[in-house]
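Breakdown of the fold
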Amino acid sequence: MGISKIIEVPLALELPVGPQHPALHEPVLLKAYADGEEIVKVEINTGYNHRGIEKLCEKNSFYRDIFIVARVCGICNLVHADCYVRAVENILGMEISNRAKYLRVLAMELERLHSHMLINAVMAENIGFENLFMNIMLDREKIMKAKEILTGNRVLSDYVMVGGVRRDIDDVKKEKIKDIVLKTEERIKYYKNVFEEDTTILKRLVDVGKVSASDVVKHSLVGPVARASGVKIDSRSSDKYDAYGEIPFNVITRSEGDSWARMMVRWDEASESIKIALHILDHLPSDANPVPDEKKLPRKIPAGEAYTRVEAQRGELTYYVMSDGKLPNPYRVKIRTPSFNNIISSGFMYVGYTIADLPVILTSLDPCISCMERVTIVDIDKNVSYRLPFKELAKGV
């Protein structure tokens, strides 16, 4: 008799989703392992889009960095600029006018509104609802126009500056923005109703990717992902930065914790953004010119450090900025984005669901890959990965 050879057949099939994939709009690799149709494990691999933003900030002046941090993410460029600029203002001990604070909030809420509309449109596209995708994007364009009227640009606005904002608005622009926002308010109600009643959406999203409140806390999830599981965290409410302490709004939460709840939180937050925008347009202070004279801004930043937070569209965004008082550029800029928390820590969310559910769960997290990229060193010979200390990375070791 011949000797029979025992071959170990793996129970799970490795299924790479990405880094280039129709369901992904940015490069990330979700290495899924499936037993039949059921996902049993997901490994998340990033690093395909690292641009060295933090190092660029440390090589450029404090004022040039305003434009650099705004390029961390195209969708949430205003909140990045606001968070960084407030850190610089804290180091300078600078207080800005109330009008400037209100205008900053108006710009950020218009940005939140179009961002939430975008990811809901992408969700519709990923489940095959092309008509809904195109209609939401069509209405989103109107908000982009409102943002252009306010800031001068529809995407990368470069609106926030140290000491205030770069443009003021008059009564004509206020009425134009108000008209757009009021028309969009009715469309948001319609789309929310579609997500509540459409059979296809409910079958694909309800009870998919459920996350408990305890898992949210355990994995440090933030933003709509956390609030959809009943965890009431929102930097706008807790920090009351800019004019949020004077503007009434509700922190939206739900208890279901699934993919559908995460999208519904965003629709409700879009309605809150509209209410905030209308309140600002009706109660815009006239205490001082919100546009500072750039020639009078201090050229030397004193020694100091600041840590600031902002509630970006995807959750809590933080900036740490340090000045040594000698260099014209920051000694250190450290950015922690909400996607860095939500995507890196999301592997457990896919387990137990089907392969078809994977893009739905990922989309419900509203991933922003360029926001979250960090450096990981891989030693191919030893088959190990590790992180390099900052000093060694700076030396090019």
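Predicted model, so just to flag it, every value in this text is computed and none were measured.

1. Quick look at the overall build of the chain
Scanning the chain from terminus to terminus reveals 15 helices and 10 strands. In terms of overall size, the chain behaves like a compact globule, its C-alpha atoms giving a radius of gyration of 23 Å where 397 residues would be expected to give roughly 21 Å. In terms of its C-alpha atoms, the chain occupies a principal-axis envelope of roughly 95 × 55 × 35 Å. Per-residue burial for the chain yields a buried fraction of 53% across its 397 residues. For the chain, long-range pairs separated by at least 24 residues make up 70% of all intrachain contacts whose partners lie at least 6 apart in sequence. Total accessible area computed for the chain in this model is approximately 18200 Å², and 53% of it derives from carbon and sulfur atoms.

2. Points about the sheet that holds strand β3 (residues 38-45)
Judged by pairing direction, the sheet is antiparallel, and its three strands sit side by side in the order β1-β2-β3 without closing on themselves. One side of each edge strand has no neighbouring strand; the edge strands of this open sheet are β1 (13-17) and β3. Mean inter-strand twist for the sheet, computed between neighbouring axes without regard to direction, equals 25°. Across seven bridges, the pairing between strand β2 (residues 29-35) and β3 is antiparallel. By the bridge assignment for β3, Tyr33 is matched with Lys41.

3. Describing the packing of helix α5 (residues 130-151) against helix α6 (residues 171-197)
Remark: α5 packs on α6, axes separated minimally by 10 Å, with the N-to-C direction vectors making an angle of 160°. One finds that α5 runs roughly antiparallel with respect to α6. Where α5 crosses over α6, the two elements pack in a sense that is left-handed. When α5 is examined against α6, the residues Leu132, Asn135, Ile136, Asp139, Lys142, Ile143, Lys145, Ala146, Ile149 and Leu150 are found in contact with a partner set consisting of Lys173, Lys176, Ile177, Ile180, Thr184, Arg187, Tyr191, Val194 and Phe195.

4. Considering empty space enclosed by the protein
Applying the stated criterion across every chain, the model contains one cavity of 30 Å³ or more. In this model, the largest cavity occupies a volume close to 40 Å³. Every residue along the wall of the largest cavity is listed here: Cys76, Ala312, Arg314, Thr337, Pro338, Ser339 and Cys371. Tallied by class, residues from the lining of the largest cavity come to four nonpolar, two polar and one charged.

5. Structural notes on the pattern of salt bridges
Following the criterion strictly, the structure yields 37 salt bridges and no others. The salt bridge involving Glu272 is made with Lys275; its shortest N-O contact spans 3.5 Å. Placement of both Glu272 and Lys275 in helix α11 (residues 259-282) is noted, with a separation of three residues, approximately one turn of the helix. One salt bridge connects Glu316 with Arg309, and the closest N-O pair in it is separated by 2.6 Å. Residue classification places Glu316 among the buried residues on the basis of a relative accessible area of 16%. Looking at Arg309, the relative accessible area reads 22%, which means it is partly exposed. When salt bridges with common partners are traced through the structure, they connect Glu109, Arg112, Arg227, Asp234, Arg236, Glu269 and Glu311 into a single cluster.

6. Notes on the sheet that holds strand β6 (residues 304-312)
Overall, antiparallel pairing links the three strands, which are arranged β6-β7-β8 in an open sheet. Each edge of the sheet is formed by a strand with only one pairing partner; in this case those strands are β6 and β8 (332-336). Ignoring strand direction, the axes of neighbouring strands in this sheet form an average angle of 10°. Pairing geometry for β6 and strand β7 (residues 315-323), over nine bridges, is antiparallel. Residue pairing across strands places Ala306 opposite Val321, the latter belonging to β7. Contacting β6, β7 and β8, helix α3 (residues 77-92) crosses the sheet at an angle of about 150° to β6.

Calculation rules
- Note that residues are indexed from 1 along each chain, following the sequence as it is written.
- For this predicted model, a pLDDT threshold of at least 70 governs which residues receive local features, and a threshold of 80 or more governs which side-chain atom pairs are given and counted, while totals over whole chains, interfaces and linings are taken from all residues.
- As a rule here, side-chain values cover all heavy atoms of the structure and leave hydrogens and water aside.
- A run of H or I in DSSP counts as a helix once it spans at least four residues, and a run of E counts as a strand once it spans at least two, with each numbered from the N terminus.
- With the radius of gyration taken over C-alpha atoms, the globule rule is written as 2.2 Å times the number of residues to the power 0.38.
- Buried residues are those whose accessible area, probed at 1.4 Å on protein chains only, stays under 20% of the maximum for their type, while exposed residues exceed 50% and partly exposed ones sit between those limits.
- Contacts are assigned to residue pairs that have any heavy atoms within 4.5 Å of one another.
- Per-residue accessibility takes into account occlusion by the displayed protein chains alone, with areas from the Shrake-Rupley method and a 1.4 Å probe.
- Strands pair, by our definition, only if DSSP identifies at least two bridges between them.
- Lines fitted to C-alpha atoms define the axes here, with helix axes fitted over just the stretch in contact, and angles between the N-to-C directions of these axes take values from 0 to 180 degrees.
- Angle categories: roughly parallel below 35 degrees, roughly antiparallel above 145, roughly perpendicular from 65 to 115, and oblique for all the rest.
- Helix crossings are classified by the rotation of the near helix relative to the far one: an anticlockwise turn of less than a right angle makes the crossing left-handed, while a clockwise turn makes it right-handed.
- Cavities and pockets are defined on a 1 Å grid built over the protein atoms alone: a cavity is a set of grid points where a 1.4 Å probe fits but cannot escape, while a pocket is an open set with protein on both sides within 12 Å along at least five of seven lines, and lining residues are those with an atom within 4 Å of any such point.
- Grid points are joined across faces, edges and corners, and a volume is the space filled by probe spheres set on the points.
- Under the scheme applied, nonpolar residues are Ala, Val, Leu, Ile, Met, Phe, Trp, Tyr, Cys and Pro; charged residues are Asp, Glu, Lys and Arg; polar residues are all the others, including Gly.
- Should a side-chain nitrogen of Lys or Arg be within 4 Å of a carboxyl oxygen of Asp or Glu, the pair is scored as a salt bridge.

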